[in-house]
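Architecture at a glance
Listed below are the residues making up each chain.
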Amino acid sequence: VQLQASGGGLVQAGGSLSLSCVVSGSGPNLFAVGWYRQAPGKEREQVAIVYSTGLITYADSVKGRFTASRDTAKNTVGLQMNSLKPEDTAVYYCNAGHFVAGGYQNYWGKGTLVTVSS
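Notes on the structure in this doc start here.

Here is what the cut-offs are and how they apply
- Residues numbered from 1 in each chain as written.
- Predicted model: local features only at pLDDT ≥ 70, side-chain atom pairs only at ≥ 80, totals over all residues.
- Heavy atoms only, no water.
- Phe/Tyr/Trp six-rings, centres within 6.5 Å; stacked < 30°, edge-to-face > 60°.
- Helix = DSSP H or I, 4+ residues; strand = E, 2+ residues; numbered from the N terminus.
- Buried < 20%, exposed > 50% of the residue type's maximum accessible area, 1.4 Å probe, protein only.
- Lys NZ or Arg CZ within 6 Å of the ring centre and 35° of its normal.
- Salt bridge = Lys/Arg side-chain N within 4 Å of Asp/Glu carboxyl O.

Details of the packing of aromatic side chains
For the structure on display, the rule yields five aromatic pairs. Seen in terms of ring centroids, F31 and F99 are 4.9 Å apart; in terms of plane orientation they differ by 55 degrees. Their pairing is tilted. Here F31 is found in the loop between β3 (17-24) and β4 (32-38), whereas its partner F99 is found in strand β9 (residues 90-100), with 68 residues between them in sequence. Residue F31 is classed as partly exposed on the basis of its relative accessible area, which comes to 29%. Judged by centre distance (6.2 Å) and plane angle (85 degrees), the ring pair of F31 and Y104 falls under edge-to-face. One end of the pair, F31, is in the loop between β3 and β4; the other, Y104, is in strand β10 (residues 103-108), and 73 residues separate them in sequence. By relative accessible area, Y104 is classed as partly exposed at 32%. Taking NZ or CZ as reference, R44 lies 4.5 Å from the ring centre of W108, over its face.

Structure representation (structure tokens):
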């Protein structure tokens, strides 16, 4: 499974950006796809996850502002980010995963930088 994210950039506070991730490669049915982010000096954190059941979960810090989506026909996962804040500045990573015997296999794309200026 390979993941390719795009759409990062520089935006002013209050603005919007849209991220997209193409999920390619043969493999098992994915249990979850989504987005994580890592700000400078901080640990990577979960932003939004789309589960194969249709459930979508969000970090409290982005609820009401970010919307994640998955298009299984196009093999893409998106993240619409509105009302951006300087604290949303981070490298955003696309993630996908599935269960394997005895555990869970994660796949990561290269990050895309989102910078929100005040």
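Thoughts on the pattern of salt bridges
According to the stated counting rule, one finds four salt bridges in the structure shown. The partner of K63 in a salt bridge is D60, and the shortest N-O contact between them spans 3.1 Å. Summarising the burial analysis for this pair, K63 and D60 share the class exposed. Salt bridges linked by common partners bring R37, E45, R65 and D88 together as one network.

So, to be careful, I would describe these as geometric facts and stop short of saying anything about function.
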